[in-house]
Number of protein chains: 2
Amino acid sequence: MTRDQARALDAADPLARYRDAFALPEGVIYLDGNSLGVLPRAVTPALADTVQRQWGERLIRSWNEGWIDAPQRLGGLIAPLIGAQPHEVIVGDTTSTHLFKAIVAALRHDPKRRTVVSEAGNFPTDLHIAEGAVGCVPGAQLKVVARDQLADALDDDTALLLLTHVHYKTADRFDLADWTARAHAAGALMLWDFSHSVGAVPLDVAAANVDLAVGCTYKYLNGGPGAPAFLYVAERLQAALANPVSGWMGHADPFAFQDTYRPAEGMRRWLVGTPSILAMASLEAALGLWADIDQQAVAAKSAALFDILHAAGTAAGLECVSPTDPAKRGSHISFRAPHAYELTQALIARGVIGDFRAPDVLRLGLTPLYLSHEDAWQAGETIRQVIADESWRDPAYAIRNAVT
Amino acid sequence: MTRDQARALDAADPLARYRDAFALPEGVIYLDGNSLGVLPRAVTPALADTVQRQWGERLIRSWNEGWIDAPQRLGGLIAPLIGAQPHEVIVGDTTSTHLFKAIVAALRHDPKRRTVVSEAGNFPTDLHIAEGAVGCVPGAQLKVVARDQLADALDDDTALLLLTHVHYKTADRFDLADWTARAHAAGALMLWDFSHSVGAVPLDVAAANVDLAVGCTYKYLNGGPGAPAFLYVAERLQAALANPVSGWMGHADPFAFQDTYRPAEGMRRWLVGTPSILAMASLEAALGLWADIDQQAVAAKSAALFDILHAAGTAAGLECVSPTDPAKRGSHISFRAPHAYELTQALIARGVIGDFRAPDVLRLGLTPLYLSHEDAWQAGETIRQVIADESWRDPAYAIRNAVT
């Protein structure tokens, strides 16, 4: 592909108009939107209003003027992105805390089943939290097996199958309906982590009959660093499942100030404490962009961006570890390389920001709302140049960079 | 007291200069800083930098440029306000989530002890969370007793005494050292909720030998609506207590992406997921104000403000339910009145913002950093006028206002 061919794709791109909705930094091609999405321009005025008028002027009165309903309102904005009904999603807390609540609740749902099954190499917090959650339910255990052993691990002791839909490292994607059906066939509940899926690939929890899901909003949804996470509970399970972290925001009548906990109806019972309203305001502004976006167009553009970087990376001798079938992956591309860390740093030094995932993966996020085909082409060119240059193997790059 | 006398107190007030550090709304006397503190002017530029430069321009790189250490850094700013060492406090999550983690951890500390003791009428989330937490530890139970039964409730089955230091409704304050010593004498750990104490009354966890404490930062610390909460764990207990909500941010090496949880040393093990950086930035700016503030001066001014409102309220026939001894209360004053809700609404309509706490309490917060003696005098005058007027009993005020 040439630069002109990439530009031609941009000229025909139905999503190209969204690029102006983001404050993209100068001189950077940002391929890390799968870790931290970029700043939507709508966030700045929304935060200014929240801080200056709602907090500064209206003060406590703002709780009655929109704040108290923010968890449900934002849940309603996320619902269509995962195929849920608005009253099946709530926003607040972190993905980790939602996982904890959902896992304990699922284990208590059928006391005859004591095992949570998950995948080795799943995103660490999913496994760490599951480890903590089984410790809160007598007799419960966590069984972590390799992906190809998952089907065999499901049995009549399985209370819950916990999977991350798109793998954070490889971008491997599970079939949503197929694995949900396998969990159900074993008599277990299914909990999906959509952190690397929502805003990246089309999702339909209703069609797949999903029981529970959580997800991160600071990646493809661009809610801001550490933005609050979401929890989905299928309507049919809402009355049966209880939140073990029974805080006052989930009480049926929080402002009656009663000693005894009584869970709210519907999704509000999953709230714990008071969510950060500044964080919610930023996320709400970011979610506003998604109202008229065609998820299929996002998926199609993600596939085109993938193909450009796949061609460039493999031509430069890198081993792609992401599936080449777009139906089997999320929206990033990962290359394995013996000096992946130094390569990541060399690319960042040249303005192409991806990230490194231990021990040997260069990961590049594909975010169709603000990345152009020309960006992908330019990133591919930079990869080619860096690898041809060889100077990136300089030990100066080897200072460990903890987060990127 | 006359207006001129109040002004004379303001002229001699060593804290008067802090008022300009806050963006106070026009035409309002704000007596609800014990529920939501006002906006510090420093928040606006701090958030602008966090959003525009750190998120917008530096993007993922900001995790290595200050974000990742924010929970410990902000803990270090709160530590001197409670008499702790900087490495004994961490910020993130909500007060409710911190309570959950601390209660489960305390119950696991000595498996022979199975009871959490707390006070009837404690702030609801403390009791609700304790109810959920005991459900996560086999055999554990919650014993909730009236304040005058607390001493008798402590026995050799008590694992933890959980008390809110300053009562959210009455402002009654427990003696920190005395009740901590009682818990210890019974062989139990002591967990304090400082939500209505921090920034309001002098605290010294080291002198009182406190084991555990949590607290809210959006009240007297002015961190913003739903600002992240803090957790204190005494250094001597840090290695012995484990976080049941074992998320990746509390892992010894989060970016090694290991399947098995291994808790970090020190306070970092109490982190769960990724905290909202926007919420942390607002709180950090707000905490900057406290560096050179004399807590004894805050307490002295709080007492003066209390006396002004106490005189006005009792003269108007209201029954004060807060202790008149300043050593036995926090920094608000509560009046019981049969029509407390309508009275609260009538005062708000006249620009004096306090709040109502069911079933019959008018609560007025005293925040010495931004309230003047003249404000308190004017609020007292307004109370006098409203009660003399009698129109506040109009049923139009009786529309239930859930939050204020």
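Parameters and conventions
Residues numbered from 1 in each chain as written. Chains lettered and ligands numbered in written order. Predicted model: local features only at pLDDT ≥ 70, side-chain atom pairs only at ≥ 80, totals over all residues. Heavy atoms only, no water. Contact = heavy atoms within 4.5 Å. Buried area = accessible area lost by both parts, 1.4 Å probe. Polar contact = N/O pair within 3.5 Å; in protein donor to acceptor, adjacent residues only side chain to side chain. Helix = DSSP H or I, 4+ residues; strand = E, 2+ residues; numbered from the N terminus. Nonpolar A, V, L, I, M, F, W, Y, C, P; charged D, E, K, R; others polar. Buried < 20%, exposed > 50% of the residue type's maximum accessible area, 1.4 Å probe, protein only. UniProt positions renumbered as here; feature names shortened; annotations may be inferred.

A. Structural detail: the interface of chain A and chain B. Across the boundary between the two partners, chain A contributes 84 residues, which contact 84 residues of chain B. Contact between chain A and chain B buries roughly 6800 Å² in total, counting both sides, with carbon and sulfur atoms accounting for 67%. A per-residue breakdown of the area chain A buries against chain B is headed by A:Trp55, A:Ile60 and A:Phe257, which together make up 11% of the total. Connecting chain A to chain B are 26 residue pairs in polar contact (both at pLDDT 80 or more). Those elements that provide at least two residues to the side of chain A that touches chain B are helix H2 (43–58), helix H4 (95–109), helix H5 (124–134) and helix H9 (277–287) of chain A. No other element matches H2(A), which puts eight residues into the side of chain A that touches chain B. When its residues are assigned to classes, the side of chain A that touches chain B shows 45 nonpolar, 30 polar and nine charged.

B. Just the environment of B:Ala84, in detail. Residues and elements named next belong to chain B. Inspection of the secondary structure puts Ala84 in the loop between helix H3 (70–82) and strand S2 (89–91). Classification of Ala84 by relative accessible area gives buried; the value is 12%. Placed 266 residues apart in sequence, Ala84 and Arg350 show a C-alpha to C-alpha distance of 41 Å. Apart from residues lying up to four places away in sequence, Ala84 is in contact with Ala79, Val89, Val205 and Tyr232.

C. Layout of the UniProt feature "binding site: pyridoxal 5'-phosphate" (unreviewed entry) in chain A. Under the present numbering, the feature "binding site: pyridoxal 5'-phosphate" (unreviewed entry) in UniProt falls on A:Thr95, A:Ser96, A:Phe123, A:Pro124, A:Thr125, A:Asp126, A:Thr164, A:Asp193, A:His196, A:Tyr218, A:Trp248 and A:Thr274. Judged by maximum C-alpha separation, these annotated positions cover 180 residues in sequence and are scattered in space, the widest gap reaching 30.5 Å. Mapped onto the fold, A:Pro124 is located in helix H5. Contact partners of A:Pro124, with chain neighbours within four places excluded, come to A:Tyr168, B:Phe257 and B:Gln258. With respect to the helices, strands and loops of the structure, A:Trp248 is situated in the loop between strand S8 (230–233) and H9. For A:Trp248, the contacting residues outside a window of four places in its chain are A:Pro254, A:Phe255, A:Phe257, A:Val272, A:Thr274, B:Ser96, B:Phe123, B:Thr125 and B:His128.

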